[in-house]
Amino acid sequence: MKQSAAEILREYGPFPGVDHVHGVTYDGQHVWFAAGDTLNALDPASGTMQRSIKVAAHAGTAFDSRHLFQIAEDRIQKIDLKTGRVLATIPAPGGGGDSGLAWAEGTLWVAQYRDRKIHQIDPETGAILRTIETNRFVTGVTWVDGELWHGTWEGDESDLTRVDPRTGEVLERIEMPPGVSVSGLESDGDDQFVCGGGNSGTVRAVRRPKRG
């Protein structure tokens, strides 16, 4: 297993009225982050908030190129990016114990924090298609270039963990500084991860390891 220390490239926030950052996602232009009762769009270049959608936003966030998906307690909401309207809801597999959310391969991937699982689910029905078990608490989850990464947060320790999507075996770990939490995780599709900072109310950009 590879291990390295996280290189934090930038910290955004804290933001007015935001005391906790849950899920994060990236629409190619803005970083969206969940803050309890709002979904907020952040310009990663300027660090300023550009837009806010009033919607229940308690855990993971994802984007499928057209819609936002947001965990709200025991359900997942499908949200129109342009209007902010909730178009549909499906049950979340953890029944309220869900954390991270990602979109990949035409499906949603939902993390369950204390159960240490990641479920691939049907975005139309919520049916579980497969389950990956890991040995860590799971917060955010993201796919990038065929790699499955998830955030962890246990006590004072957090890291970004790459796991084998077939077996759940830990392949790589990027350790965050002590006391720096990871509540949500997304990739910008290039050389950065975006991490929700939990009760710090911040969002952080972390360098993604280069591949040979």
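Notes on the structure in this doc start here. (Residues numbered from 1 in each chain as written. Predicted model: local features only at pLDDT ≥ 70, side-chain atom pairs only at ≥ 80, totals over all residues. Heavy atoms only, no water.)

**What to know about empty space enclosed by the protein**
All told, the structure shown has one cavity of 30 Å³ or more when counted by the stated rule. The computed volume of the largest cavity comes to approximately 30 Å³. Lining the largest cavity are Gly23, Val24, Gly60, Thr61, Gly100, Leu101, Gly140, Val141, Gly184 and Leu185. The set of elements that each furnish at least two residues to the lining of the largest cavity consists of β11 (98-104) and β19 (184-187). Of the residues in the lining of the largest cavity, the class split is four nonpolar, six polar and no charged. (1 Å grid on protein atoms, 1.4 Å probe; cavity = no way out; pocket = protein on both sides within 12 Å on 5 of 7 lines; lining within 4 Å. Points joined across faces, edges and corners; volume = space filled by probe spheres on them. Helix = DSSP H or I, 4+ residues; strand = E, 2+ residues; numbered from the N terminus. Nonpolar A, V, L, I, M, F, W, Y, C, P; charged D, E, K, R; others polar.)

**A word on the sheet that holds strand β8 (residues 67-72)**
The antiparallel open sheet is built from four strands, whose spatial order is β7-β8-β9-β10. Two strands bound the open sheet, and with one partner strand each, they are β7 (61-63) and β10 (86-91). Averaged over all pairs of adjacent strands, the angle between strand axes in this sheet comes to 20 degrees, irrespective of strand direction. With three bridges joining them, β7 and β8 adopt antiparallel strand pairing. (Pairing = 2+ DSSP bridges. Axes fitted to C-alpha atoms, helices over the stretch in contact; angles between N-to-C directions.)

Bear in mind that shape data such as this cannot, by itself, settle questions of function.
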